[in-house]
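# Structure at a glance
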Amino acid sequence: MVEEVGADVTYVKPGDFVIAPFAFSDNTCEICRAGFQTACPHGGWYGNTAVGGLQAEVARIPLANGSLVKVPGVNPDTADEALLASLLTLSDVYLTGYHAAFMAQVAPGQSVTVVGDGAVGLGAVLAAKQLGAEQIILMGRHASRTDLGREFGATDVVAERGDEGVAKVLELTGGFGSHAVLEAVGHMPAYEQSYGVVRPGGVISRVGVPQYEPGTRGLRLVVRQERAPGGWPRPGARLHGGRHHAGSRRRHRARQGL
Ligand SMILES: [Zn+2]
């Protein structure tokens, strides 16, 4: 609930029910308008001495016009607890999972593999379902979470890891792998698993914050949302009018830390 607003705030007023995503942004610049508010050049992150934390009973929201999302018709004193809990996921985990699915261009009829059964992974399952995926394979080994994943729309659960897990996913996808792999862990084995199960021409969408070297480490990579298409185009198929472009391939490999 908004308690007070600064002089320049026009979007919300005291009494409004709002969601505060985990980063603040102006929501007007070119980057924000393209849908990458977490990379807003005027925005930033909570949890430091300049801005303060967000997991608190009261928080100050910088750039409130751009950083808050108003939800009309919700009174937290009378609203259903389940509704409030669902809305809370829109401040972080669900929208991260949704972003992964959106960036992978998940489309009706596709096969999607979600690597990781944490809150973001489960959000990615929900999002893949929402975007019409036909097959949703959830890779995770915590039964209580993967059961929830099935409720959310996972059609298959693969608890095995490494080569065994990859083999299982390939078996479930007719040997092809998935059109989209949503990686929500950030550890190297999850990354390798993702490469193992993406079909040629498919997309790996990573929202797990990389926790390893070599390779770009930390939030920056995730914020920039690299897309890594699985498989190479057939030489001459479509790059530069038929000439395979070794430079771009090298750069691609470099970006992936290969
Ligand atoms: Zn911006």
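For the structure given in this document, a descriptive report is provided here.

The rules behind the values
- Residues numbered from 1 in each chain as written.
- Predicted model: local features only at pLDDT ≥ 70, side-chain atom pairs only at ≥ 80, totals over all residues.
- Helix = DSSP H or I, 4+ residues; strand = E, 2+ residues; numbered from the N terminus.
- Buried ≥ 20, exposed ≤ 12 C-beta atoms within 10 Å, placed from the backbone.
- Contact = placed C-beta atoms within 7 Å.
- Arc of directions from axis to C-beta.
- Core = buried A, V, L, I, M, F, W, Y, C linked by C-beta atoms within 7 Å.
- Axes fitted to C-alpha atoms, helices over the stretch in contact; angles between N-to-C directions.
- Parallel < 35°, antiparallel > 145°, perpendicular 65-115°, else oblique.
- Left-handed = near helix turned anticlockwise from the far one by under 90°.
- Nonpolar A, V, L, I, M, F, W, Y, C, P; charged D, E, K, R; others polar.
- Pairing = 2+ DSSP bridges.
- Right-handed = clockwise from strand over helix to strand, strands pointing away.
- Expected span 1.5 Å × (residues − 1).

Within the chain, the secondary structure is distributed over 10 helices and 10 strands. Counting all 258 residues of the chain, 31% fall into the buried class. For the chain, long-range pairs separated by at least 24 residues make up 56% of all intrachain contacts whose partners lie at least 6 apart in sequence.

Below, the discussion takes up helix H7 (residues 162–172). Residues of H7 that are buried: Gly165, Val166 and Val169. When H7 is viewed along its axis, its buried side chains cluster within an angular range of 100° and face the same direction. Among the exposed residues of H7, those pointing more than 90 degrees away from its buried face are Asp163, Glu164 and Glu171. In this fold, the buried residues of H7 make contact with strand S5 (111–115), strand S6 (135–139), strand S7 (156–158), strand S8 (178–183) and helix H8 (188–197). At the exit of H7 stands glycine 174, carrying a positive phi of roughly 65°.

Now for the nonpolar core. Of all hydrophobic cores here, the largest spans 40 residues; its most connected members are Val114, Ala124, Val125, Ala128 and Leu182. Ranked by residue count, the leading element in this core is helix H5 (residues 119–130), at 7 residues. For valine 125, the contacting residues outside a window of four places in its chain are Val114, Ile136, Leu138, Gly149, Phe152, Gly153 and Ala154.

Put simply, helix H4 (residues 93–103) and H5 touch, their axes get as near as 7 Å, and they point 55° apart. In terms of their interaxial angle, H4 and H5 are classed as oblique. H4 and H5 meet at a crossing whose hand is right-handed. Here H4 contributes Val93, Tyr94, Thr96, Gly97, Tyr98, Ala100 and Ala101 to the contact with H5, which in turn contributes Ala119, Val120, Gly121, Gly123, Ala124, Leu126, Ala127 and Ala128. A class-by-class count of the residues in the contact of H4 with H5 yields 11 nonpolar, 4 polar and no charged.

This next bit is on the pairing of S5. Remember that side chains alternate between the two faces of the sheet whenever the strand is regular. Here S5 lies mainly inside the structure; 5 of its 5 residues are buried. A two-sided burial pattern is seen for S5, the buried positions comprising Ser111, Thr113 and Val115 on one face and Val112 and Val114 on the other. Here S5 pairs with S6 via 5 bridges, running parallel. Residue valine 114 lies in a different strand from S6, and its bridge partner there is leucine 138. Following the backbone out of S5, through H5 and into the adjacent parallel S6, one traces a crossover that is right-handed. Alignment of S5 against S8, held across 4 bridges, turns out to be parallel. Looking at S8, one finds that valine 112 is bridged to alanine 180.

Here we come to the pairing of S6. Burial analysis of S6 places 4 of its 5 residues in the buried class, the great majority of the element. As paired strands, S6 and S7 are joined by 3 bridges and run parallel to one another. Bridging from a neighbouring strand, isoleucine 137 pairs with aspartate 156 of S7.

Here H5 crosses helix H6 (residues 143–152) at 15°, and the two axes come no closer than 9 Å. Between H5 and H6, the angle is such that the two are roughly parallel. Relative to H6, the crossing made by H5 is right-handed. Contact with H5, carried on its side by Leu122, Val125, Leu126 and Lys129, involves Arg145, Leu148, Gly149 and Phe152 of H6 and no other residues of that element. A class-by-class count of the residues in the contact of H5 with H6 yields 5 nonpolar, 1 polar and 2 charged.

Relative to the 16 Å expected for 12 residues at 1.5 Å per residue, H5 spans 16 Å between its end C-alpha atoms, a close match to the ideal helical length. Among the 12 residues in H5, 9 count as buried, and that is most of the element. Within H5, the full set of buried residues consists of Val120, Gly121, Leu122, Gly123, Ala124, Val125, Leu126, Ala127 and Ala128. For H5, the elements touching its buried residues are helix H3 (81–89), H4, S5, S6, H6 and S8.

Attention now goes to the environment of glycine 66. With respect to the secondary-structure elements, glycine 66 resides in helix H2 (residues 64–67). For the pair formed by glycine 66 and serine 25, sequence separation is 41 residues and the distance between their alpha carbons is 5.7 Å. Once residues within four sequence positions are removed from consideration, glycine 66 is found in contact with Ser25, Asp26, Asn27, Thr28 and Cys32.

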